[in-house]
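Descriptive analysis of the structure
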Amino acid sequence: MPTPYTRARGLGLLGAILLAGLALAGCASQSAWRNSAGSPAFQPANGNDFLAQTSWTLVRWTHPGGAPRAVPSNDPRNRPITITFTREGAEPRVTGFAGCNTFTASYTVAGGQNLILTSDPAATRMACAPADRAQVEHDFLAGLIRIAATSVDDYGNPRRLSLSLANGDILDFSRRIDPVMGGSAGTPKLVYVNSQRVPCDAGVLRTTCYQVRDSDNQPWQFWYGDIAGFQYQLGSIYRLRVIETPVLHPMPDMPAVQWTLDRVVEQRVVGH
């Protein structure tokens, strides 16, 4: 009998600045590149958005040939460059800090793998200090709309993200704390749910349990609780974003946390 999920995992669980469009040098040519034969195929966002509800810090910028470019570090004098992927309703949004200003744009994940910004970044207009930071910010925002390839270390639970730009530069990011969405107070997490529920014992009660796991290379484990707001369909494997909150007085042999559905990230019918 599989070990209960909660036992295996453990129970301890811009004042305001209006956004304005930043006219980047060369926007027209960059937009043309995005629709050219050299650009990755454009397609609407779909369920295979492995970046949904993740946040990242730029840790390394490498020029062609391997020469590094200095980037802001996370210390009291240097706010790091960041990107965060969320949803505004059904629209995927990327936001972040580019070195001097915050920015926002829409994005898609083409072919379930490649990040493409589907709008030019709109940024605030704060002066950069020191002055050389302005060039870093400009190049970063320009690079985001010329992404040639995207890679991560683990599509099920990525911790490292690399963006290869059209000019040969490579931007490497490290995972930050995921943003909380859906209005529920608690800890967000991504989980997989298997295509069928299976018989299980919850104390003296014989019932059926979800089969869940954190990443697609782990074995399935029983989840003895419910997933509030989740409309399960037999025969589909799901990747869900849930909000995990503690249960003050759990029933015997039941989880000490409860899950509330925030969003269905992916749904795939078995055999398709």
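Residues numbered from 1 in each chain as written. Predicted model: local features only at pLDDT ≥ 70, side-chain atom pairs only at ≥ 80, totals over all residues. Heavy atoms only, no water.

A look at the overall build of the protein chain
Basically, it comes down to this: Put simply, DSSP H or I for four residues or longer makes a helix, DSSP E for two residues or longer makes a strand, and each gets a number counted from the N terminus. Exposed residues in this analysis have more than 50% of their type's maximum accessible area, buried residues have under 20%, and partly exposed residues fall in between, with area computed by a 1.4 Å probe over protein chains only. Values of accessible area rely on a 1.4 Å probe in the Shrake-Rupley scheme; residue burial ignores everything except the protein chains shown.
For the protein chain, the count of helices and strands is three helices and 18 strands. For the protein chain, the residues scored as buried account for 47% of the 272 residues in total. Total accessible area on the protein chain is roughly 13,600 Å²; 54% of this is exposed by carbon and sulfur atoms.

Concerning helix α3 (residues 133–144)
Here is the rule we go by: By this rule, a helix spans an expected 1.5 Å times one less than how many residues it contains.
In a regular helix each residue adds 1.5 Å, so 12 residues correspond to 16 Å; α3 covers 17 Å between its end C-alpha atoms and thus fits that length. For α3, the complete set of buried residues consists of R133, V136, E137, F140, L141, A142, G143 and L144.

Some points on the packing of aromatic side chains
Here the distance between the centres and the angle between the planes together describe a pair of aromatic rings. Put simply, the rule reads: Any two of the Phe, Tyr and Trp rings considered here, Trp counted by its six-membered ring, make a pair once their centres fall within 6.5 Å; the pair's planes then place it as stacked at under 30 degrees, edge-to-face at over 60, or tilted in between. Criterion for a charge above a ring: Arg CZ or Lys NZ at most 6 Å from the ring centre, at most 35 degrees from the ring normal.
Using the criterion set out here, one finds nine aromatic pairs in the structure. Ring geometry for F85 against Y107: centres 5.1 Å apart, planes inclined by 75 degrees, an arrangement best described as edge-to-face. Within this pair, whereas F85 is found in strand β4 (residues 82–88), its partner Y107 is found in strand β6 (residues 102–110), the two being separated by 22 residues in sequence. Side by side, F85 and Y107 carry an identical accessibility label, which is buried. The interplanar angle of 45 degrees and the centroid separation of 5.9 Å between the aromatic rings of Y210 and F230 together place this pair among those described as tilted. Of this pair, Y210 sits in strand β14 (residues 205–213) while F230 sits in the loop between β16 (227–228) and β17 (236–246), placing them 20 residues apart in sequence. Residues Y210 and F230 agree in their burial class; the two are buried. The rings of Y210, F230, Y232 and Y238 are connected pair by pair, giving a single aromatic cluster. In this structure, R79 is placed above the aromatic ring of F97, and the distance from its NZ or CZ to the ring centre is 3.8 Å.

What about the side chain of N101?
Stated precisely, the cut-off is as follows: Under this definition, polar contacts are N or O atom pairs within 3.5 Å; protein pairs additionally need one hydrogen-donor-capable and one acceptor-capable atom, and for neighbouring residues in sequence, both atoms have to be side-chain atoms. Any two residues whose heavy atoms approach within 4.5 Å are treated as being in contact.
By the element assignment, N101 lies in the loop between β5 (91–97) and β6. Among the polar contacts made by the side chain of N101, one reaches the main-chain amide nitrogen of M126 at a distance of 2.5 Å. Filtering out sequence-adjacent residues up to four positions away, N101 remains in contact with G96, A123, T124, R125, M126 and E137.

Regarding the pairing of β6
Put simply, the test is: Pairing between strands is defined by DSSP: at least two bridges between the two strands are required.
Taking burial as the measure, the nine residues of β6 include nine buried ones, the bulk of the element. Residues T102, T104, S106, T108 and A110 of β6 are buried on one face, and the alternating residues F103, A105, Y107 and V109, pointing to the opposite face, are buried as well. Two strands pair when backbone bridges link them, and β5 and β6 are joined in this way by five bridges, in the antiparallel orientation. Paired with T95 across the bridge in β6 is T104. Sheet topology places β6 next to strand β8 (residues 122–123); two bridges connect them, and they run antiparallel. Within β8, the position partnered with F103 by the bridge is A123. Bridge count between β6 and strand β7 (residues 114–117): four bridges; the pairing is antiparallel. Each bridged residue has a counterpart across the sheet, and for V109 the counterpart in β7 is L115. Between the end of β6 and the start of β7, which pair antiparallel, lie three residues, with G111 showing a positive phi angle near 60 degrees.

Some details on the state of the cysteines
We count it as follows: Throughout, a disulfide means two cysteine sulfur atoms within 2.5 Å of one another.
Using the criterion set out here, one finds two disulfides in the structure. A sulfur-sulfur distance of 1.9 Å marks the disulfide that ties C100 to C128. Because the torsion about its S-S bond is 125 degrees, the bridge between C100 and C128 counts as right-handed. Residue C100 is located in the loop between β5 and β6, and its partner C128 is located in the loop between β8 and α3; the two are separated by 28 residues in the primary sequence. A disulfide bridge connects C200 with C209, and the sulfur atoms are separated by 1.9 Å. Across the S-S bond of C200 and C209 the torsion is about 75 degrees, and the bridge reads as right-handed. Overall, the relative accessible area of 1% leaves C200 in the buried class.

Focus on the nonpolar core
Put simply, the rule reads: In this description, a nonpolar core means a group of buried Ala, Val, Leu, Ile, Met, Phe, Trp, Tyr and Cys residues linked to one another through side-chain atoms lying within 4.5 Å.
I83, F85, F103, F140, L161 and F173 are the most contacted members of the largest nonpolar core, which has 29 residues in total. If you list the elements that add at least two residues to this core, you get β2 (54–62), β4, β6, β7, α3, β9 (147–152), β10 (160–165) and β11 (170–175). V212, W223, V242 and V257 belong to the second-largest nonpolar core, a separate cluster that totals 12 residues.

Digging into the environment of Q258
Inspection of the secondary structure puts Q258 in strand β18 (residues 257–269). For Q258, the contacting residues outside a window of four places in its chain are I243, E244, T245 and V247.

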